[in-house]
Amino acid sequence: MASTVNDSAGTRPGYGQLLRTRGAWTFLLPGFLARQPFAMLTIGILLLVNDTTGSYGTAGTVSATAGVAMALFAPQSGKLADRFGQAAVLIPGVVVHAAAISLLTVLALSHAPLWALLAAAVPAGASTPQIGPMVRARWANKLEGSPLMSTAAAFESVTDEFTFVIGPVLATALCTGVHPAAGLVAEAVLTLAGGLLFATQRRTQPQPSRSAAGTADGKRASALSVPGVRVLAVVMLGIGTVFGGMQVSMTAFTKELGEPGLNGLMYGAFAAGNMIAGIVCGLVAWKSSPQRRLLTAFPLLVLATSPLWAADSMVLLGAVGMLVGLCIAPSLITGYTLVEKLVPASARTEAFTWLTGAVGLGQAAGATVGGRLIDAHGASTGFLVPLVGTAIALVVLFTLRKALTPRSESVVAARGVGHRQPVSVD
């Protein structure tokens, strides 16, 4: 680790330098394959259940149930990975996930009752492999204290959004062009194959921390005990409502206009905006603190979601959707960057999964509420969900913004510039 930090000192952080980090490609390539299904899961469920039931509300509810289960169980998965190692958690997890998706698919095609679909959606979501947080934890392990950490956060955001360009388009194409269940089948196969391949890359995973350190009574402290992580979780929850609201609303909007096959393209434009902004963020040598960048970027996201509900054509929706995507990446990147400053290394995988889980929970809530609004009032009303969700998160962010200041910076500020602590002299 020391050599990595020293190599990055004195030079401007950049993607080229980041990708030359020793051992990076051994987890980046399998990690990229393994995280593709993450973007296919909810839209695959949404399209299959909508096809078999004819209801966006029902489809959104089943999809949301999987998202809630993922959000609740992901941090526990992260905590176990911190303690026992990523492979020990990932290998059984992907097997369970493939089995749960298979069960959900069979039940949906059999026109099973809603309660059965919801029961199957719980293990399907709960067992979703947390590849993104695991990759971020590997970067943090290699780059601790390096200026490349912010570049790594940007790179991961770009990678995530690239999956959201490919995943929804692939799932939609399979569901509409091959079979309504084809998207979920592909998701299960990619999860199993990619997850097992990623799990074999043991050399780059952070060392397990089995000791129960972190609190005065010797019990292992949760990453959620850090106030800043709780604030960031609310921010990610708001961002998740954008993903969920956009997903169900774009599906309904394109179908309402008689072009359901364009759903993947519309969502792809939204994700492409996010990816472009992520690339740019990684190229900038930031001088302002990540806290200040988050307090600037998130209000812009709220503003960008405002005109979504008024879009009345594919072209306008695609343009506004891309603008929203452009405003998401800066908030996501700074949020994940702050984790490295706020959370000790022994709890970072858990912290990353809390944030990813919060996005999933917000996505689930956005899909559920959006689906109900669409069933009752039409496709355009579903686009109000991203606006309301981000606005509520913005209030929390500004109210509790002091929690985002790392403890070391707070101590320095309190002592004042040039203040020295007294030391004993023999």
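It should be emphasised that the depicted structure is a prediction, and the values quoted were computed from it without experimental measurement. For every chain, the first residue of the written sequence is number 1, and numbering continues from 1 onward in sequence order. For a predicted model such as this one, the threshold for reporting local features is a pLDDT of at least 70, and the threshold for listing and counting side-chain atom pairs is 80 or more; totals across whole chains, interfaces and linings nevertheless cover every residue. Calculated side-chain values reflect all of the structure's heavy atoms, with hydrogen atoms and water omitted.

S.K.: Any chance you could break down empty space enclosed by the protein for me, citing the residues and the numbers?
M.R.: A 1.4 Å probe that fits but cannot get out identifies a cavity on a 1 Å grid over protein atoms alone, an open set with protein on both sides within 12 Å along at least five of seven lines counts as a pocket, and a residue lines either if it has an atom within 4 Å of a point. Grid points are joined across faces, edges and corners, and a volume is the space filled by probe spheres set on the points. Inspection of every chain in the model, using the stated rule, returns five cavities of 30 Å³ or more. Where helices and strands are cited, they refer to DSSP runs of H or I of at least four residues and of E of at least two residues respectively, numbered from the N terminus. Secondary-structure elements contributing two or more residues to the lining of the second largest cavity are α4 (38-53), α5 (56-84) and α15 (348-377). Here the residues of the lining of the second largest cavity sort into four nonpolar, five polar and no charged. Each residue gets one label: Ala, Val, Leu, Ile, Met, Phe, Trp, Tyr, Cys and Pro are nonpolar, Asp, Glu, Lys and Arg are charged, and the others, such as Gly, are polar.

S.K.: I'd like a description of the environment of alanine 271, backed by residues and values.
M.R.: You can see alanine 271 is positioned in helix α12 (residues 263-283). According to the relative accessible area criterion, alanine 271 is buried, its value standing at 0%. Along the backbone, alanine 271 and glycine 325 are 54 residues apart, and their C-alpha atoms lie at a distance of 5.8 Å. Only protein chains enter the accessibility calculation, which uses a 1.4 Å probe. A residue is then buried if its area is under 20% of the maximum for its type, exposed if over 50%, and partly exposed in between.

S.K.: Just give me the short version of helix α14 (residues 314-342), but keep the residues and values in it.
M.R.: For α14, with 29 residues, the first-to-last C-alpha span of 42 Å sits near the 42 Å given by 1.5 Å per residue. Burial analysis of α14 places 21 of its 29 residues in the buried class, which makes it a mostly covered element. The span one expects for a helix is its residue count, reduced by one, times 1.5 Å.

S.K.: So what about a nonpolar patch on the surface? Which residues, and what values?
M.R.: Like-charged residues are merged into a patch within 9 Å and nonpolar side chains (Val, Leu, Ile, Met, Phe, Trp, Tyr) within 5 Å, provided each residue has over 30% relative accessible area and no salt bridge. What sets the accessible areas is the Shrake-Rupley method with a 1.4 Å probe; for residues, cover comes only from the shown protein chains. Here a salt bridge means any side-chain nitrogen of Lys or Arg lying within 4 Å of a carboxyl oxygen belonging to Asp or Glu. On the surface, a cluster of nonpolar side chains totalling about 550 Å² of accessible area is made up of Ile276, Val280, Val284, Trp286, Met322, Leu323 and Leu326. Taken together, the elements giving at least two residues each to the nonpolar patch come down to α12 and α14. By residue number, the principal contributor to the nonpolar patch is α14, which donates three residues. Residue placement: tryptophan 286 occurs in the loop between α12 and α13 (290-305). Relative accessible area serves as the criterion here: at 40%, tryptophan 286 is assigned to the partly exposed category.

S.K.: Go over the packing of aromatic side chains, please, and point to the residues and values.
M.R.: Ring pairs are drawn from Phe, Tyr and Trp, using the six-membered ring of Trp, whenever the two centres fall within 6.5 Å, and their geometry is named by plane angle: stacked under 30 degrees, edge-to-face over 60, tilted for the rest. The final tally for this structure, using the stated rule, is four aromatic pairs. When the ring of phenylalanine 243 is compared with that of phenylalanine 270, the centres are 5.7 Å apart and the planes differ by 70 degrees; the resulting orientation is edge-to-face. Highlighted residues: phenylalanine 243 in helix α11 (residues 227-256) and phenylalanine 270 in helix α12, separated in sequence by 27 residues. Exposure class is identical for phenylalanine 243 and phenylalanine 270. Each is buried. When the centroid spacing of 6.3 Å and the interplanar angle of 70 degrees are considered together, the rings of phenylalanine 253 and phenylalanine 383 count as edge-to-face. Highlighted residues: phenylalanine 253 in helix α11 and phenylalanine 383 in the loop between α15 and α16 (384-399), separated in sequence by 130 residues. By relative accessible area, which is 4% here, phenylalanine 253 ends up buried.

S.K.: Break down the packing of α5 against α15 for me, with residues and values.
M.R.: Remark: α5 packs on α15, axes separated minimally by 8 Å, with the N-to-C direction vectors making an angle of 175 degrees. It follows that α5 is roughly antiparallel to α15 by the angle criterion. When its residues are assigned to classes, the contact of α5 with α15 shows 13 nonpolar, twelve polar and six charged. To obtain an axis, a line is fitted to C-alpha atoms, over the contacting stretch when the element is a helix, and the angle between two such axes runs from 0 to 180 degrees between their N-to-C directions. Convention used here: angles under 35 degrees read as roughly parallel, angles over 145 as roughly antiparallel, angles from 65 to 115 as roughly perpendicular, and any remaining angle as oblique.

S.K.: Could you give an account of the nonpolar core, naming the residues involved and the relevant values?
M.R.: Side-chain atoms within 4.5 Å are what join buried Ala, Val, Leu, Ile, Met, Phe, Trp, Tyr and Cys residues into a set we call a nonpolar core. Among the nonpolar cores identified, the biggest contains 72 residues, and Ile239, Phe270, Phe298, Val324 and Ile328 are the most heavily contacted of them. The biggest single contributor to this core is α11, with 14 residues. For this analysis, residues touch if any pair of their heavy atoms sits within 4.5 Å. With near-sequence residues (within four places) excluded, isoleucine 239 lies in contact with Phe298, Leu301, Ile328, Ser331 and Leu332. Judged by nonpolar contacts, the second largest core, of 31 residues, contains Ala87, Val135, Met149 and Ala152.

S.K.: Which residues make up the pattern of salt bridges, and what values do they have?
M.R.: One side chain can pair with another of opposite charge once the charged atoms of both are near each other. Under the defined criterion, the tally for this structure stands at one salt bridge. A salt bridge links glutamate 156 to arginine 35; its shortest N-O distance comes to 2.8 Å. With glutamate 156 in helix α9 (residues 148-177) and arginine 35 in helix α3 (residues 24-35), the pair connects residues that are 121 residues apart, well separated along the chain. Since its relative accessible area comes to 4%, arginine 35 is described here as buried.

S.K.: Give a detailed account of the packing of α5 against helix α6 (residues 86-109), specifying residues and quantitative values.
M.R.: At a minimum axis separation of 10 Å, α5 and α6 run at an interaxial angle of 160 degrees. In terms of their interaxial angle, α5 and α6 are classed as roughly antiparallel. Seen along the crossing, α5 lies across α6 with a hand that is right-handed. Along the contact surface, α5 presents Val62, Ser77, Leu80, Ala81 and Phe84, while α6 presents Gln86, Ala88, Val89 and Leu104. The residue makeup of the contact of α5 with α6, split by class, is seven nonpolar, two polar and no charged. By definition, turning the near helix anticlockwise from the far helix through less than a right angle yields a left-handed crossing, and turning it clockwise yields a right-handed one.

S.K.: Tell me about the confidence of the model for the protein chain, residues and numbers included.
M.R.: Each residue carries a pLDDT value, the predictor's own confidence for that position, ranging from 0 to 100. For the protein chain, mean pLDDT is 80; residues scoring 70 or higher make up 88% of the total. Highest mean pLDDT in the protein chain belongs to α16 (94); lowest belongs to helix α1 (residues 2-8) (42). Contacts for the low-pLDDT stretch residues 1-11, under 50 throughout, to residues beyond four places or in other chains number 15 contacts. Contacts from residues 410-426, a stretch scored under 50 in pLDDT, to residues over four places away or in other chains number two contacts.

S.K.: An account of the environment of arginine 138 is requested, with residue identities and associated values reported.
M.R.: Positionally, arginine 138 belongs in helix α8 (residues 131-143). Considered as a pair, arginine 138 and leucine 28 are 110 residues apart in the sequence and their alpha carbons are 9.8 Å apart. The contacts of arginine 138, once residues within four sequence positions are left out, are Phe27, Gln86, Phe198, Gln201, Thr204, Gln205 and Pro206.

S.K.: Can you lay out α3 for me, pointing to particular residues and giving the numbers?
M.R.: For α3, with twelve residues, the first-to-last C-alpha span of 16 Å sits near the 16 Å given by 1.5 Å per residue. For α3, the complete set of buried residues consists of Ala24, Phe27, Leu28, Pro30, Gly31, Ala34 and Arg35.

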